[in-house]
Amino acid sequence: QVVFAAPPGRVVMYYDNFGILPSNERIDIYTQSIDEQPIHTIETICEKLLKLLPHTPINALGINFHFTAEQIDDELLDMLKTKESLNQYRTILNETITTAMSHHNNSVLNLIRQHGLDWATFNFNYHHPCESTEAASRMVSGAILACYEDATSLLDKVYGLSGVEMVTHQLKLPERGG
């Protein structure tokens with residue numbers, strides 16, 4: 001599981017510029033950069049973990065990105081609205097739309113769009129089913145950048161958003177007294 005925005009209230013353990021969040025169900029790995037070198041390092045970490053834990057039950061490899069559009073225009077807002085006429089009866093404060101679509105080699109892209117009156121977020125969750133750690137290890141190499149390129153391409157082609165800001169997990173260093 002590679003994510004770039006940690007869930008609120010969860011503690012991420014950082015080693016250099018990479019964060020790891022293990023739980024009973026999965027391991028999340030965080031970075032603050034989508035540059036090629038940090039991504040290659042994440043892929044190497046994933047491959048090593050999968051090799052060290054060959055008997056671990058696994059059913060999927062997930063790659064997630066979260067983007068925000070701080071300033072949105074009326075055209076984008078109209079694209080993100082549902083076709084229901086609720087706004088004729090109430091003031092809509094925010095909406096969330098989730099779409100699951102086929103991606104590549106039986107993988108699924110779950111795209112969640114949420115917007116308010118003057119903001120929008122886009123969550124891309126790429127879900128790659130796999131039956132073993134060996135199968136997951138074969139999927140890792142190159143997958144993160146490929147999914148990132150797919151996400152940014154969709155943002156540009158569908159919504160006209162290029163250069164939209166990706167939300168990264170912010171490393172919080174402890175304050176040092178003295």
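Residues numbered from 1 in each chain as written. Predicted model: local features only at pLDDT ≥ 70, side-chain atom pairs only at ≥ 80, totals over all residues. Heavy atoms only, no water.

A. Here's a closer look at the overall build of the protein chain. Of the regular secondary structure elements, the protein chain holds four helices and nine strands. Along the protein chain, helices (α) and strands (β) appear in the sequence β-β-β-β-α-β-α-β-β-β-α-α-β when read from the amino end. Counting the 178 residues in the protein chain, one finds 37% classified as buried. Long-range pairs, those at least 24 residues apart, make up 62% of the contacts in the protein chain with a sequence separation of at least 6. When the accessible surface of the protein chain is totalled, it reaches about 11400 Å², and 51% of it is carbon and sulfur. (Helix = DSSP H or I, 4+ residues; strand = E, 2+ residues; numbered from the N terminus. Buried < 20%, exposed > 50% of the residue type's maximum accessible area, 1.4 Å probe, protein only. Contact = heavy atoms within 4.5 Å. Areas by Shrake-Rupley, 256 points an atom, 1.4 Å probe, with all protein chains shown as cover.)

B. Just the pattern of salt bridges, in detail. Under the counting rule described, the total for this entry stands at three salt bridges. A salt bridge links Asp78 to Lys81, with the shortest nitrogen-to-oxygen separation between them at 3.8 Å. Taking relative accessible area as the criterion, Asp78 reaches 45% and is therefore assigned partly exposed. (Salt bridge = Lys/Arg side-chain N within 4 Å of Asp/Glu carboxyl O.)

C. Structural context of the layout of surface pockets. Each pocket or cavity is described by its volume, and for the largest pocket that value is around 570 Å³. Around the largest pocket, the lining comprises 21 residues; the ones closest to its centre are Glu25, Arg26, Ile27, Ile58 and Ala60. The class makeup of the residues in the lining of the largest pocket is eleven nonpolar, eight polar and two charged. Size it by volume and the second largest pocket reaches roughly 220 Å³. Of the residues belonging to the lining of the second largest pocket, the class tally is five nonpolar, six polar and five charged. (1 Å grid on protein atoms, 1.4 Å probe; cavity = no way out; pocket = protein on both sides within 12 Å on 5 of 7 lines; lining within 4 Å. Points joined across faces, edges and corners; volume = space filled by probe spheres on them. Nonpolar A, V, L, I, M, F, W, Y, C, P; charged D, E, K, R; others polar.)

D. Layout of the packing of aromatic side chains. Under the defined criterion, the tally for this structure stands at seven aromatic pairs. Ring centres of Phe67 and Phe124 lie 5.7 Å apart, and the angle between their planes is 90°; on these two criteria the pair is classed as edge-to-face. One end of the pair, Phe67, is in strand E5 (residues 60-69); the other, Phe124, is in strand E8 (residues 120-129), and 57 residues separate them in sequence. Exposure remark for Phe124: the relative accessible area of 1% places this residue in the buried category. Ring geometry for Phe124 against Tyr126: centres 6.4 Å apart, planes inclined by 15°, an arrangement best described as stacked. Assigned by exposure class, Phe124 and Tyr126 land together as buried. (Phe/Tyr/Trp six-rings, centres within 6.5 Å; stacked < 30°, edge-to-face > 60°.)

E. Structural detail: the packing of helix H1 (residues 36-52) against helix H3 (residues 133-140). One can describe the packing of H1 onto H3 by two numbers: an axis separation of 9 Å at closest approach and a directional angle of 165°. Classified by the interaxial angle, the pair formed by H1 and H3 is roughly antiparallel. You can see that H1 and H3 cross each other, and the crossing is left-handed. For the pair H1 and H3, the contacting residues are Glu43, Cys46, Glu47 and Leu50 in the first and Thr133, Ala136, Ser137 and Val140 in the second. Class assignment of the residues belonging to the contact of H1 with H3 gives a composition of four nonpolar, two polar and two charged. (Axes fitted to C-alpha atoms, helices over the stretch in contact; angles between N-to-C directions. Parallel < 35°, antiparallel > 145°, perpendicular 65-115°, else oblique. Left-handed = near helix turned anticlockwise from the far one by under 90°.)

F. Quick look at unusual backbone geometry. Not every positive phi belongs to a glycine, and Asn105 is a case in point at roughly 50°. Position of Asn105 relative to the elements: it lies in the loop between strand E6 (95-102) and strand E7 (108-115). Positive phi is not limited to glycine here, since Asn106 has a value of about 70°. Within the secondary structure layout, Asn106 lies in the loop between E6 and E7.

G. The arrangement of H3 in detail. Taken together, the buried positions of H3 are Thr133, Ala135, Ala136 and Val140. Buried residues of H3 fall within an arc of 155° about the axis and therefore sit on the same side. Facing away from the buried surface of H3 by more than 90 degrees, the exposed residues are Glu134 and Arg138. Contact partners of the buried residues in H3: H1, E5 and helix H4 (143-159). (Arc of directions from axis to C-beta.)

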